[in-house]
Amino acid sequence: MDHDTRGAAAFEHPRAGRRIGVRTLGIPEEFGGTSVDPKEEVQTFAIISEEIARGDSGLADKLVQIWKVSVLLRHVAPRHLQQEWFPRIVKDATFLLAHCLTEPRGASDRWLPYNVPEAAMHTRAVLKGDKWVINGRKQFISNGYDAKLFVVYANTDPAVGMLQGTSSFLVPRDTPGLVVQRCNETMGGRFMNNGEIVFEDMAVPRDHLLVEGNALSKAGIYFRPGKIIQAAKNLGVGVSTFEKTAEYVQNYIQGGRILIKHQAVACCLAEMATKLAAVRAILREASAAVDENAPDADALCNMAKLFASEEIFKVVQHAMELHGGNGVMLDFGIEKLLRDAAIFLHMDGTTDVSKFKIVKAMFPETAGAYAGPEK
Ligand SMILES: Cc1cc2nc3c(=O)[nH]c(=O)nc-3n(C[C@H](O)[C@H](O)[C@H](O)COP(=O)(O)OP(=O)(O)OC[C@H]3O[C@@H](n4cnc5c(N)ncnc54)[C@H](O)[C@@H]3O)c2cc1C
């Protein structure tokens with residue numbers, strides 16, 4: 001399926017998502033969103049995104065961007081922008097949101113971040129009269145090809161580090177100067193159209209500024225539930241892999257017996273199940289920590305995202321091996337789960353950078369400082 005056909009088909013599912021209310025999680029009830037107990041919001045996101053990803057990881061990618069960006073807008077968008085955009089998102093079942101941070105020459109360091117001017121964003125926003133004029137480029141953006149509304153991060157003060165010099169803006173798709181340049185052919189999660197976006201003298205009304213200067217710190221409200229949702233989607237891929245494999249080994253016969261009767265196969269299945277239980281345990285602890293705003297929530301959600309990505313990848317590797325030759329055949333569907341699982345290793349931060357962030361949260365004075373020359 002090409003990405004345009006995929007795009008058209010992909011809107012059918014968000015429509016179904018609207019019927020059951022799952023598309024508008026994160027949007028305040030007063031604007032027509034689906035209400036969730038705020039004390040358990042992130043835990044609820046985790047349960048629902050796992051279930052959707054169990055069916056298809058790419059569909060989950062598509063929908064969760066609406067929840068994550070809506071939570072951010074709820075916290076940082078001025079009231080008039082919330083009044084304008086939330087009802088439109090609710091009304092239009094094909095409305096998707098995107099969050100644009102990653103650039104060709106800066107991604108992982110933004111997660112750390114190295115708070116020095118040389119590591120700052122290359123996308124620049126300059127205030128001219130009553131408009132912010134933005135120039136630059138964003139890559140690898142979830143829903144970037146289809147979204148109708150983008151949150152865009154840009155440098156508004158090149159003299160300082162990115163924690164002080166990055167601002168965020170709300171940008172409608174039809175803003176002159178916004179060019180959606182391509183749809184990336186991702187190896188997994190293909191139902192979500194990941195895109196590249198260029199800004200050429202894009203003029204955004206002054207009142208579409210979301211956060212001036214410290215936008216990266218304010219984005220924590222997006223990233224914490226974001227990491228939990230990543231781990232939960234990842235778990236959904238693992239659960240689906242286990243279910244398919246458990247069925248296969250109880251039906252496929254080799255050496256005159258169904259596979260599960262061979263002890264090596266049984267042990268491998270036990271390992272898969274144990275990894276899933278371990279991922280579920282850390283996910284449960286981390287999502288509760290985010291809902292409770294616990295002091296260790298930051299480290300825990302990075303741990304959950306990191307641990308899920310590495311363990312579920314191993315679960316899918318076992319599944320490939322247990323399926324033998326059938327594991328690499330398109331009609332068995334296991335290779336698709338391997339491709340989906342591979343994406344999680346670096347979505348929302350690579351494994352290396354996630355490890356840095358965990359240690360940095362634990363030892364901010366030493367591990368958290370810039371590794372450049374000593375002052
Ligand atoms: C499917 C998908 C969806 C995505 N969706 C979005 C989205 O919606 N919005 C968005 O903004 N981004 C999105 N991304 C981008 C994603 O967050 C980045 O891919 C990720 O942060 C890694 O950046 P990078 O690919 O540029 O790798 P790089 O930063 O180039 O990293 C390459 C390697 O170098 C290491 N490395 C790089 N710099 C450092 C450093 N300073 N210290 C130590 N190690 C370092 C990394 O750990 C990695 O191993 C998406 C990516 C994918 C694949």
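All values derive from a computational prediction rather than experimental measurement.

Focus: the overall build of the protein chain
- A count of helices and strands for the protein chain gives 12 helices and 10 strands.
- Split into buried and exposed, the 375 residues of the protein chain put 55% on the buried side.
- Long-range contacts, defined here as pairs at least 24 residues apart, represent 75% of the contacts in the protein chain between residues at least 6 apart.
- For the protein chain, the accessible surface area stands at approximately 16,500 Å², while carbon and sulfur atoms represent 55% of it.
- The positive charge centre, built from 43 side chains, and the negative charge centre, built from 45, are 2 Å apart in the protein chain.

With respect to the site of the ligand
- Around the ligand, the surrounding shell holds 22 residues, and the nearest of these are His-99, Thr-102, Ser-108, Ser-142 and Thr-350.
- Within the contact set of the ligand, a nitrogen atom lies 2.6 Å away from a side-chain nitrogen or oxygen of Thr-102.
- Within the side chain of Ser-142, a nitrogen or oxygen atom sits 2.8 Å from a nitrogen atom of the ligand.
- When the ligand sits alone it has 970 Å² of accessible area, and the protein chains cover 73% of it.
- Where the shell around the ligand is concerned, the elements lending two or more residues are α5 (108-111), β3 (131-141) and α12 (351-362).
- With three residues, the top contributor of residues to the shell around the ligand is α12.

With respect to the pattern of salt bridges
- Counted according to the given criterion, the structure contains 18 salt bridges.
- A salt bridge links Arg-74 to Glu-41; the shortest N-O distance between them is 3.0 Å. Placement of the pair is Arg-74 in helix α3 (residues 57-76) and Glu-41 in helix α2 (residues 41-55), with a sequence separation of 33 residues.
- Residue classification places Arg-74 among the partly exposed positions, given a relative accessible area of 27%.

Topic: a nonpolar patch on the surface
- A surface patch of nonpolar side chains, amounting to about 260 Å² of accessible area, comprises Val-328, Met-329 and Phe-332.
- Summarising the element assignment, Phe-332 is placed in the loop between α10 (297-322) and α11 (334-343).
- You can call Phe-332 partly exposed: its relative accessible area is 34%.

A short note on the side chain of Lys-138
- Position of Lys-138 relative to the elements: it lies in strand β3.
- Its relative accessible area of 0% is what places Lys-138 among the buried residues.
- Only 2.8 Å separates the side chain of Lys-138 from the backbone oxygen of Tyr-153, close enough to count as a polar contact.
- Excluding residues that lie within four positions of it along the chain, Lys-138 makes contacts with Cys-100, Leu-101, Thr-102, Glu-103, Met-121, Thr-123, Val-152, Tyr-153, Gly-195, Glu-196, Ile-197 and Phe-199.

Re the packing of α10 against α12
- In the contact formed by α10 and α12, the axes pass within 9 Å of each other and the chain directions differ by 150°. The angle between α10 and α12 falls in the class roughly antiparallel. Seen from above, α10 lies across α12 with left-handed handedness. Counted together, Ala-299, Asn-302, Met-303, Lys-305, Leu-306, Ser-309 and Glu-310 of α10 and Thr-351, Ser-354, Lys-355, Lys-357, Ile-358 and Ala-361 of α12 form the full contact between these two elements.
- A class-by-class count of the residues in the contact of α10 with α12 yields five nonpolar, four polar and four charged.

Here we look at the environment of Gly-238
- Mapped onto the fold, Gly-238 is located in helix α8 (residues 220-249).
- Using a relative accessible area of 0% as the deciding quantity, one classes Gly-238 as buried.
- Linking Gly-238 and Leu-337, residues 99 residues apart in sequence, is a C-alpha distance of 8.1 Å.
- Aside from chain neighbours lying at most four places away, what touches Gly-238 is Leu-276, Ile-312 and Val-315.

Overview of the nonpolar core
- Judged by nonpolar contacts, the single largest core of 48 residues is most densely connected at Trp-67, Leu-73, Val-151, Tyr-153, Leu-170 and Leu-210.
- Secondary structure elements with two or more residues in this core: α2, α3, α4 (79-91), β4 (149-155), β8 (209-211), α7 (215-218) and α8.
- Top element by residues in this core is α3. It accounts for 11 residues.
- If we skip the residues at most four places from it in the chain, Val-151 touches Val-69, Leu-72, Leu-73, Ala-98, His-99, Cys-100, Ser-168, Phe-169, Leu-170 and Leu-210.

What about α2?
- In this model, α2 (15 residues) spans 22 Å end to end at C-alpha, consistent with the 21 Å of a helix rising 1.5 Å per residue.
- Every buried residue belonging to α2 is among Glu-41, Val-42, Phe-45, Ala-46, Ser-49, Glu-50, Ile-52 and Ala-53, and all of these are buried.
- Buried positions along α2 lie against α3, α8 and α9 (263-291).

Some remarks on the environment of Phe-223
- If you trace the backbone, Phe-223 turns up in helix α8.
- Note: C-alpha distance between Phe-223 and His-318 (95 residues apart in sequence) is 31 Å.
- Not counting the four nearest positions on each side in its chain, Phe-223 is found in contact with His-99, Leu-101 and Trp-111.

Here we look at unusual backbone geometry
- With a phi angle near 65°, Phe-140 is a residue other than glycine that sits in the positive phi range.
- One can find Phe-140 in strand β3.
- Even without being a glycine, Asp-201 presents a positive backbone phi close to 45°.
- Relative to the helices and strands, Asp-201 is located in strand β7 (residues 195-205).

Rules of the game
- Residues numbered from 1 in each chain as written.
- Predicted model: local features only at pLDDT ≥ 70, side-chain atom pairs only at ≥ 80, totals over all residues.
- Heavy atoms only, no water.
- Helix = DSSP H or I, 4+ residues; strand = E, 2+ residues; numbered from the N terminus.
- Buried < 20%, exposed > 50% of the residue type's maximum accessible area, 1.4 Å probe, protein only.
- Contact = heavy atoms within 4.5 Å.
- Areas by Shrake-Rupley, 256 points an atom, 1.4 Å probe, with all protein chains shown as cover.
- Lys, Arg positive; Asp, Glu negative; His and termini not counted.
- Charge placed at Lys NZ, Arg CZ, Asp CG, Glu CD.
- Near = heavy atom within 4 Å.
- Polar contact = N/O pair within 3.5 Å; in protein donor to acceptor, adjacent residues only side chain to side chain.
- Salt bridge = Lys/Arg side-chain N within 4 Å of Asp/Glu carboxyl O.
- Patch = residues over 30% accessible without salt bridge, like charges linked within 9 Å, V, L, I, M, F, W, Y side chains within 5 Å.
- Axes fitted to C-alpha atoms, helices over the stretch in contact; angles between N-to-C directions.
- Parallel < 35°, antiparallel > 145°, perpendicular 65-115°, else oblique.
- Left-handed = near helix turned anticlockwise from the far one by under 90°.
- Nonpolar A, V, L, I, M, F, W, Y, C, P; charged D, E, K, R; others polar.
- Core = buried A, V, L, I, M, F, W, Y, C linked by side-chain atoms within 4.5 Å.
- Expected span 1.5 Å × (residues − 1).

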